[in-house]
Amino acid sequence: MADVYAPLRANVGMMGQILGDTMREHLGEAFLDKVEQIRQLAKQSRRGDESAREQMLALLTALPDEELAPFAKAFNQFLNLANIAEQFHTISRNCDELVCVPDPVEQLLGRILGGKVDADAMLETLQTLDIDLVLTAHPTEISRRTLIQKYSAVVDCLQEMENPLLTEQEHKSVMLRLRQLIAQIWHTNEIRAERPTPVDEARWGLSTIETSLWQAIPDFLRQLNDKVEERTGVQLATDIAPVRFSSWMGGDRDGNPFVTAKVTAEVLDRNRHAAARLYLKDIVELVNELSMEQANAELMALNPGSREPYRDVLRGLRQKLRNTIDYLNARIEGHQPEVSRDSIIWEDADIREPLQLLYRSLCDCGMRLIANGLLLDILRRLACFGIHMLRLDIRQDAGRHCDVIAELTRYLGMGDYAHWEEHEKQAFLLRELANRRPLIPVSWQPSDEVAEVLKTCRLVASQPQQALGSYVISMASHPSDVLAVLLLLKESGCSYPIRVVPLFETLDDLNQAASCIQALLDIDWYRGYTKGMQEVMIGYSDSAKDAGVMAAAWAQYCAQEQLVKVCRKAGVKLNLFHGRGGTIGRGGGPAHQAILSQPPGSVDGRIRVTEQGEMIRFKFGLPKLAVQSLALYTSAVLEATLLPPPEPKQAWRECMQRLAEDSVLAYRGIVREEPQFVPYFRSATPEVELGKLPLGSRPAKRRVDGGIESLRAIPWIFAWSQNRLMLPAWLGAGEALKAAADRGDMPLLKEMERDWPFFNTRISMLEMVYSKAEPNLASYYEQCLVPSELHGLGKKLRQRLALGIEAVLELTGSDSLMAHTPWNRESVRLRNPYIDPLNFLQTELLARTRKEETPSAPVQLALMLTIAGVAAGMRNTG
Ligand code: PGA
């Protein structure tokens, strides 16, 4: 077979060479030789050569302090460059069919049209598709912003070099630029000096829009339009927006004390400011373009006799945008400027209406070609981003709302709300919701924590509805959790029905989700409030942390199925909001596959999904990548709506139920009941050290004093992926499969794997995790870091891993993992010789820093670099 990865490998090789040259220039030939020697030894050791391994370890332990950080950096940067080459490969002209998925929209249209679905039904669904991607500030992006920008510039160079028409001189100058960029990367510190603030995080979100999505959205819609028009003869509407964006950056205050009402207010202004800036740029360009004279009567009526009627309108708009920017600048600086209704942009229509007028006029006067250029792009951007750019969600913990009401009832002498039964709480809340007099007395001086929750509610009430998305309640369990927020918003003067969304994220809460929503929808007042649409958020990572991946996945599936039924019965549309992480342990996985494995009826033309951390970069960081990701989402939601997957057979359900029950027992038997487990986790992984890495603005724990239960899902997964055991992503699942096989259910499991997308996805995710796990490395961590009395537990865990792998291989009937996805396998294989030395060095550094009271700065830095490097190699943090 031809070497399909040759162009990719050539790029990796070329950049590796340049990185080597840079290191040589900086630290000399001897350093480079040592790096190379260790890499070669790592390769041999992978092939089972014990003496190579011993030699590598000896070299690593002998590294002098001043070489530790550069050494970790060398491998870390190599992995980053490999990531860039890989990312570029998927959008490169040289991309082959093994790596690049063929255009999913094209494929889907070809498959469905003329088959089961007619063009009208397809068009109707497409025009109303509502995919809302919610960018979160979750602290999983390990790369600094400044490096990410340089990585993008590297991609530009790779792209330029693909042009076969480059002259020798042009080629030389691209190479020079590439060398400069790699040198800049090498000489830049990878570790942030300080934690980002929530405002920093929100600005990063905006920069993804500015550098990529602003371009990608009109590009994607143009391509979509062409495909649809070619097949149906229908042009898509100018305001079609199948995919839109929301954000949690600066709005998610769950366990993050730094996100205050003041911060949220600033972020809202900054979002609007960024949008105004980008529209202004577009309008300035459009003023240049639309120099035409001929106009329809509607446009001419605005300025009779004008020789440049289009420009006249655009100049007015340009001025309003400039005024808007000034106004927002003043607000961001803390002033409260006065402006008149007509001088700035207040709502989407202020831009849309004049632009649509120009669009109609151009079309009426035979200039459709011109209308469908930049003008159409702007209209489409407007439909997607609006004037607020992103709809900001607010997220707060259910307990915080309960605290507010409890403090209030105590103040009012009504007793302690926190101790009331659920039915008492509901009765009280409903009574107060229906009551016209305010509940909160002016004289009340609440505690700081309570005051902050109320300030946020008042901020929500003061915003235009379009600026906000949903108000999400984390750790929601009962109807009162939702009603409490509604009451606080009412008391704050909120005059519009913001979506208040319970997030169900433990096994018990998922199991109770449908009855909770049913109870709410049974309340007439509440049903009226929903205006026919109920949003519910499903928490993937916390439920997996609570119950293990297999049981959590089944609970998520069942909860969704039941929610579909409950909402249908109540005549209310259900909008499911999936809180998925990037990695498999947090519910991540390929979006396309994930959507198509949802229960039938749960994706009814609409979906909300979180996009987090490094996943935002991987999927949307470059315009071409973003276009691909948008096409994947659109085709998957279209397909799941028009051709929903089959209902699972009763036998499959029963089997799955048993698997879930067995797996939760196996998982909790270790995580909760095994007394040695927590000490093992603390010593075998860099959990404690991770807390020092200034990744995101929020603390790693929900409560300062809490134990492992209050540790957030992200550091939990992150820690286990550093020592390569990847435990949370498989614990329980393999044991349950094995038990099923022992019961003689293997033929049934095989049938489920073949015919049931949900189950098939679970198994392929397991395969991916298993192939990334490295029991030998995990055992090295144990040997160096874990007290010997806990080694027995480590052995048991690795045995369970082996048993799970065996069960999955039997199920898939193959002798190696990921046999059907050779690209993923190849990618892991290519990286290992670079990740392994980082893991060995990390172990050494962990052992050292744990012994010393105040480890030296170079040692600490090197440790952080190994963490960043392993994360880059695994392509995720947690
Ligand atoms: P959360 O998210 O801790 O913010 O709920 C967890 C995750 O995304 O994995």
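As annotated in an unreviewed UniProt entry, the chain is Phosphoenolpyruvate carboxylase from Shewanella cyperi. In the Function (unreviewed entry) part of its UniProt record, the chain is described as follows: "Forms oxaloacetate, a four-carbon dicarboxylic acid source for the tricarboxylic acid cycle." UniProt lists a comment for the chain under the heading Subunit (unreviewed entry), and it reads "Homotetramer."

Bringing the nonpolar core into the picture now. One finds Phe245, Leu355, Trp716, Leu737 and Phe759 to be the most contacted residues of the largest nonpolar core, which totals 297 residues. Looking at which element gives the most residues to this core, the answer is helix α4 (residues 65-89), with 13 residues. Apart from residues lying up to four places away in sequence, Trp716 is in contact with Lys545, Tyr667, Val671, Phe677, Phe681, Ile708, Leu711, Leu727 and Pro728. Counting seven residues, the second largest nonpolar core, distinct from the first, contains Trp248, Val472, Met537 and Phe577.

Together, Tyr411, Leu412 and Met414 line one region of the surface with nonpolar side chains, adding up to about 250 Å² of accessible area. Within the secondary structure, Tyr411 sits in helix α15 (residues 398-411).

Further remarks concern the site of the ligand. All residues in the neighbourhood of the ligand are listed as His138, Arg395, Ser541, Asp542, Arg586, Gln612, Arg698, Arg702, Arg712, Ala713 and Ile714. In the model, an oxygen atom of the ligand is placed 3.5 Å from a nitrogen or oxygen of the Asp542 side chain. Side-chain polar atom of Arg712 to an oxygen atom of the ligand: 3.0 Å apart, as the coordinates give it. When the free accessible area of the ligand is taken as 280 Å², the share hidden by the protein chains comes to 96%. Within the residue set of the shell around the ligand, elements represented by two or more residues are α21 (540-547) and α29 (713-722). Counting contributing residues per domain, the shell around the ligand is built from domain 1 (395-613) and domain 2 (650-874), each supplying no fewer than three.

Bringing the UniProt feature "active site" (unreviewed entry) in the chain into the picture now. According to UniProt, the "active site" (unreviewed entry) feature falls on His138 and Lys545. Residue placement: His138 occurs in the loop between β1 (130-136) and α7 (145-161). Aside from chain neighbours lying at most four places away, what touches His138 is Trp248, Asp252, Arg395, Gln612, Gly613, Arg698 and Ile714. Of the polar contacts made by the side chain of His138, one reaches the side chain of Thr136; its length is 3.0 Å. Its place among the elements puts Lys545 in helix α21. Given a relative accessible area of 13%, Lys545 falls into the buried group. Of the polar contacts made by the side chain of Lys545, one reaches the backbone oxygen of Ile708; its length is 3.0 Å.

Moving on: the sheet that holds strand β6 (residues 533-539). On the basis of which strands lie adjacent, the closed barrel formed by eight strands has the order β1-β2-β3-β4-β5-β6-β7-β8 and parallel pairing. The mean inter-strand angle of the sheet, taken between neighbouring strand axes irrespective of direction, is 25°. Sheet strands touched by α21: β6 and β7 (573-579). Its angle to β6, the strand with the most contacts, is close to 45°.

Judged by how many residues are buried, β7 sits mostly within the fold: six of seven residues are covered. Bridge count for β6 against β7 is seven bridges, and the pairing is parallel. Looking at β7, one finds that Met537 is bridged to Phe577. Pairing between β7 and strand β8 (residues 606-612): two bridges, direction parallel.

This part takes up the pattern of salt bridges. Two side chains of opposite charge can pair, provided their charged atoms sit close to one another. According to the stated counting rule, one finds 56 salt bridges in the structure shown. Across the salt bridge formed by Arg703 and Glu709, the nearest N and O atoms sit 3.3 Å from each other. When salt bridges that share partners are traced, they join Asp132, Arg391, Asp393, Arg499, Glu535 and Arg608 into one network.

The next subject is the environment of Glu432. Among the secondary structure elements, Glu432 is positioned in helix α16 (residues 422-434). Apart from residues no more than four positions distant in its own chain, Glu432 is found in contact with Arg437, Leu439, Leu487 and Lys490.

So, on to helix α30 (residues 733-742). With seven of 10 residues buried, α30 lies mostly within the body of the structure. Listing the buried residues of α30 in full gives Ala733, Gly734, Glu735, Ala736, Leu737, Ala740 and Ala741. Of the surrounding elements, those touching the buried residues of α30 are α22 (549-570), α26 (650-671), α31 (746-755), α32 (757-772) and α34 (791-812). Two residues or fewer after α30 comes Gly744, characterised by a positive phi angle close to 90°.

Interhelical geometry of helix α10 (residues 261-289) versus helix α17 (residues 448-462) gives an angle of 25° and a closest axis separation of 9 Å. As far as their axial angle goes, α17 and α10 are roughly parallel. Mapping the contact onto sequence places Ala261, Thr264, Ala265 and Leu268 in α10 and Glu452, Lys455, Thr456 and Leu459 in α17. Here the residues of the contact of α10 with α17 are counted per class, giving four nonpolar, two polar and two charged.

What follows concerns the pairing of β8. Counted residue by residue, β8 has seven buried out of seven residues, so it is predominantly covered. The two faces of β8 match: Arg606, Arg608, Thr610 and Gln612 on one face and Ile607, Val609 and Glu611 on the other face are all buried. With seven bridges connecting them, β1 and β8 associate as parallel partners. Each bridged residue has a counterpart across the sheet, and for Val134 the counterpart in β8 is Thr610. Crossover handedness for the path β7 to helix α23 (residues 591-596) to β8: right-handed.

Bringing the domain arrangement of the chain into the picture now. Domain boundaries assigned for the chain yield domain 1 (395-613) and domain 2 (650-874). When each unit is reduced to the centre of its C-alpha atoms, the spacing between domain 1 and domain 2 is 31 Å. In this assembly, 29 residues from domain 1 lie in contact with 36 residues from domain 2. Buried surface at the junction of domain 1 and domain 2, both sides included, amounts to about 2600 Å², of which 62% is carbon and sulfur. Sorting the residues of domain 1 by area buried against domain 2 places Lys545, Met550 and Trp554 first, and these three jointly supply 32% of that buried surface. For Asp542, the salt bridge is made with Arg702, and the minimal N-O distance between the two is 3.3 Å. Inspection of the domain 1/domain 2 interface yields 11 residue pairs in polar contact (both at pLDDT 80 or more). Secondary structure elements with two or more residues in the side of domain 1 that touches domain 2: β3 (391-397), α21, α22 and α23.

Cut-offs used in this document
Residues numbered from 1 in each chain as written. Predicted model: local features only at pLDDT ≥ 70, side-chain atom pairs only at ≥ 80, totals over all residues. Heavy atoms only, no water. UniProt positions renumbered as here; feature names shortened; annotations may be inferred. Core = buried A, V, L, I, M, F, W, Y, C linked by side-chain atoms within 4.5 Å. Buried < 20%, exposed > 50% of the residue type's maximum accessible area, 1.4 Å probe, protein only. Helix = DSSP H or I, 4+ residues; strand = E, 2+ residues; numbered from the N terminus. Contact = heavy atoms within 4.5 Å. Patch = residues over 30% accessible without salt bridge, like charges linked within 9 Å, V, L, I, M, F, W, Y side chains within 5 Å. Areas by Shrake-Rupley, 256 points an atom, 1.4 Å probe, with all protein chains shown as cover. Salt bridge = Lys/Arg side-chain N within 4 Å of Asp/Glu carboxyl O. Near = heavy atom within 4 Å. Polar contact = N/O pair within 3.5 Å; in protein donor to acceptor, adjacent residues only side chain to side chain. Domains from an automatic or database assignment. Pairing = 2+ DSSP bridges. Axes fitted to C-alpha atoms, helices over the stretch in contact; angles between N-to-C directions. Parallel < 35°, antiparallel > 145°, perpendicular 65-115°, else oblique. Nonpolar A, V, L, I, M, F, W, Y, C, P; charged D, E, K, R; others polar. Right-handed = clockwise from strand over helix to strand, strands pointing away. Buried area = accessible area lost by both parts, 1.4 Å probe.

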